[in-house]
Amino acid sequence: MLPLSNVDFEFAKAQLMLFLREWYMHPNGQIPAYEFALGDVNPPVHAWAVIRLFESFAGKDASDEDYRFLESCFHKLIINFTWWVNRKDPEGNNLYSGGFLGLDNIGVFDRSKPLPPGMILEQADGTAWMAFFCATMLHCAINLALKDPVYEDMASKFFEHTVLIIDAINNFGKGQGLWNEEDGFYYDHLRKDGRSCPMKIRSLVGLVPLFSVLVIDDSTLKKLPAFAKRTKWFVQHRKDLIEETSFMAERMGEDANQRSLLCIPTKAKLIRVLEYLFDENEFLSEFGIRSLSKFHEKNPFKININNEELRADYIPGESNSYLFGGNSNWRGPIWFPMNFLLVQSLQRFDYYYGESLKIEVPTRSGNFMRLRDAADELCNRLLKNFLPDSKGFRACHGTKKNRSFLCKCNL
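Presented here is an overview of the structure given in this document. Since the structure is predicted, the reported quantities are computational estimates derived from the model, not experimental observations. (Residues numbered from 1 in each chain as written. Predicted model: local features only at pLDDT ≥ 70, side-chain atom pairs only at ≥ 80, totals over all residues. Heavy atoms only, no water.)

## Side note on the overall build of the protein chain
No. 1: Of the regular secondary structure elements, the protein chain holds twelve helices and 13 strands.
No. 2: Taken over 411 residues, the protein chain has a buried fraction of 53%.
No. 3: Of the contacts made within the protein chain by residues no fewer than 6 positions apart, 65% connect residues no fewer than 24 positions apart. (Helix = DSSP H or I, 4+ residues; strand = E, 2+ residues; numbered from the N terminus. Buried < 20%, exposed > 50% of the residue type's maximum accessible area, 1.4 Å probe, protein only. Contact = heavy atoms within 4.5 Å.)

Printed below as a string of structure tokens:
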């Protein structure tokens with residue numbers, strides 16, 4: 001709906017509200033992924049679409065009708081959020097199994113089907129999507145609280161819940177959660193009989209934790225005294241949770257009291273993940289971020305489950321797996337929605353860190369830049385999929401002349 005909103009803002013709002021109506025949303029709060037398997041769910045991005053639409057086209061000039069749109073969606077999304085918490089976190093430890101969450105064949109299991117008996121897959125993307133959902137609901141609540149203080153309570157609720165999920169993904173179990181300190185990456189964990197084994201597949205699954213990033217200006221906090229007071233109390237009295245949470249953890253220069261950051265990775269972890277993200281031998285391609293690291297081209301992931309070898313190879317074209325029919329391949333190809341969310345996250349991180357954080361793009365190139373510039377570089381690579389090259393051919397059409405449109409204009 002976001003692209004369509006550039007043409008018809010009101011229609012886009014109506015479509016987002018439609019999926020929250022009683023003839024689409026189940027009474028228990030579930031929003032189905034598609035009509036042919038109502039039990040499947042897609043990642044919880046509906047709240048993100050709502051607040052993105054609200055801020056992009058209404059923002060400071062939001063009308064009462066725009067606020068009613070946000071408020072109406074927020075109430076229904078609370079029901080959806082509760083469904084996710086109750087259904088996808090069966091043991092109440094803030095690590096989400098999730099099951100099917102899109103990214104079809106990105107792992108070695110068909111995540112739309114049950115695992116073998118006694119096994120639980122603690123999903124780095126499932127848990128990170130919930131942190132993203134929670135932080136987005138916090139974002140919505142803050143916007144509503146600026147108009148009606150009654151929503152400050154909900155802002156506090158979603159802030160504390162976000163911190164709990166972030167703490168779990170970074171610290172649960174033996175103190176590392178789903179983070180692997182040796183590799184500097186987030187992995188799914190397969191748990192059985194009290195033992196937990198990291199599924200060391202470097203894929204978009206380990207990049208989803210970058211999506212959950214929210215920057216709050218202190219000028220906003222000053223307008224929300226009740227929320228600010230409770231947040232300050234929580235930070236002071238729950239240091240066990242705040243230690244691995246990048247909230248009010250870093251202050252820089254003259255802007256030291258202007259912004260606060262809430263996200264999953266600490267600065268040190270973020271830098272390590274970005275080294276993989278912008279490595280041309282890993283995720284960074286000429287045309288965007290790969291769904292599976294090129295590392296697995298020569299080093300396929302293998303695991304033996306019940307005397308059956310399961311594996312994940314880097315396959316940039318048509319899938320060699322029959323999962324989901326074989327034509328929905330997440331083991332190499334570039335998927336634009338995920339790249340878009342990565343671009344947004346890089347921009348938000350830059351809004352907080354500014355000049356204090358520069359990375360090499362590409363990795364090991366010696367070319368350091370701010371995260372906003374890295375986001376621009378990624379955008380330029382994504383655009384190359386559709387822009388004609390010097391011979392007039394577009395990468396999205398491959399090398400087939402009958403599918404490419406020769407372009408003589410200078411771009």
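## Some thoughts on the sheet that holds strand S4 (residues 188-192)
No. 1: Across the sheet, three strands lie side by side as S1-S4-S5; this open sheet has antiparallel pairing. Edge positions in the sheet fall to strand S1 (119-122) and strand S5 (195-199), since each has one partner strand and no second. Direction aside, the axes of adjacent strands within the sheet are offset by 25° on average. (Pairing = 2+ DSSP bridges. Axes fitted to C-alpha atoms, helices over the stretch in contact; angles between N-to-C directions.)

## Quick look at unusual backbone geometry
No. 1: Cis peptide bonds are those with omega within 30 degrees of zero, and the linkage from Val361 to Pro362 qualifies with -10°.
No. 2: With phi around 70°, Arg364 is a residue other than glycine that occupies positive phi space.
No. 3: When you line up the elements, Arg364 lands in the loop between strand S12 (358-360) and strand S13 (368-370).

## Considerations on the side chain of Thr127
No. 1: Following the sequence through the fold, Thr127 ends up in helix H5 (residues 124-145).
No. 2: On the basis of relative accessibility, which here comes to 1%, the residue Thr127 falls in the buried class.
No. 3: Beyond its immediate stretch of four places on either side in the chain, Thr127 contacts Asn94, Leu95, Tyr96, Ile165, Ile169 and Leu178.

## What about the packing of aromatic side chains?
No. 1: A full pass over the atoms with the stated rule returns 19 aromatic pairs.
No. 2: Seen in terms of ring centroids, Phe74 and Phe158 are 6.1 Å apart; in terms of plane orientation they differ by 70°. Their pairing is edge-to-face. You can see Phe74 sitting in helix H4 (residues 64-88) and its partner Phe158 sitting in helix H6 (residues 152-175), a full 84 residues away along the chain.
No. 3: Phe74 sits in the buried class, given a relative accessible area of 1%.
No. 4: A relative accessible area of 0% means that Phe158 is categorised as buried.
No. 5: Look at Phe81 and Phe133: their rings are 5.2 Å apart centre to centre, the planes differ by 75°, and that puts the pair in the edge-to-face class. In this pair, Phe81 is assigned in helix H4 and Phe133 in helix H5, connecting sequence segments 52 residues apart. Assigned by exposure class, Phe81 and Phe133 land together as buried.
No. 6: Aromatic rings pair up to connect Phe74, Phe81, Phe133, Tyr151 and Phe158 into one cluster.
No. 7: Between Arg259 and the ring centre of Tyr351, over which it is positioned, the NZ or CZ distance is 3.9 Å.
No. 8: If you follow Lys384 out to its NZ or CZ, it ends over the ring of Phe287, 5.8 Å from the centre. (Phe/Tyr/Trp six-rings, centres within 6.5 Å; stacked < 30°, edge-to-face > 60°. Lys NZ or Arg CZ within 6 Å of the ring centre and 35° of its normal.)

## As for the pairing of strand S11 (residues 308-312)
No. 1: Looking at chain direction, strand S10 (residues 301-305) and S11 are connected through five bridges and run antiparallel. Its bridge partner being in S11, Lys302 is matched across the sheet by Arg311.
No. 2: Counted between consecutive antiparallel strands, the loop separating S10 from S11 contains two residues, among which Asn306 sits at a positive phi close to 55°.

## Focus: the packing of helix H2 (residues 9-18) against helix H3 (residues 46-57)
No. 1: Between H2 and H3, the least distance of the axes is 11 Å, while the angle of their chain directions is 160°. In terms of their interaxial angle, H2 and H3 are classed as roughly antiparallel. Note that H2 runs across H3; the crossing there is left-handed. On the side of H2, the interface is formed by Phe9, Ala12, Lys13 and Leu16, while H3 contributes His46, Ala49, Val50, Leu53 and Phe57.
No. 2: For the contact of H2 with H3, a count of residues per class yields seven nonpolar, one polar and one charged. (Parallel < 35°, antiparallel > 145°, perpendicular 65-115°, else oblique. Left-handed = near helix turned anticlockwise from the far one by under 90°. Nonpolar A, V, L, I, M, F, W, Y, C, P; charged D, E, K, R; others polar.)

## Some remarks on the nonpolar core
Among soluble globular proteins, nonpolar side chains are generally buried collectively.
No. 1: Grouped together as the largest cluster of nonpolar side chains are 104 residues, with contacts concentrated most on Leu138, Leu207, Leu274, Phe278, Ile289 and Leu342.
No. 2: Per-element tally for this core: the top contributor is H5, with 15 residues.
No. 3: For Phe278, the residues in contact, after removing those within four places along its chain, are Leu284, Leu346, Ile359, Glu360, Val361, Pro362, Thr363 and Ala374. (Core = buried A, V, L, I, M, F, W, Y, C linked by side-chain atoms within 4.5 Å.)

## Describing the environment of Lys358
No. 1: If you trace the backbone, Lys358 turns up in strand S12.
No. 2: Assessed through its relative accessible area of 42%, Lys358 is described here as partly exposed.
No. 3: For the pair formed by Lys358 and Asp373, sequence separation is 15 residues and the distance between their alpha carbons is 9.4 Å.
No. 4: Residues within four places of Lys358 in sequence aside, it is in contact with Phe368, Met369 and Arg370.

## Section: the packing of helix H10 (residues 267-277) against helix H11 (residues 336-353)
No. 1: Their axes nearest at 13 Å, the elements H10 and H11 cross at an angle of 140°. Classified by the angle their axes make, H10 and H11 are oblique. Here the hand of the crossing between H10 and H11 comes out left-handed. Residues Lys267, Leu270, Leu274 and Leu277 of H10 touch H11, and the partners they reach there are Leu342, Leu346, Phe349 and Tyr353.
No. 2: Classifying every residue of the contact of H10 with H11 gives seven nonpolar, no polar and one charged.

As far as function goes, none of this settles anything; it's purely spatial.
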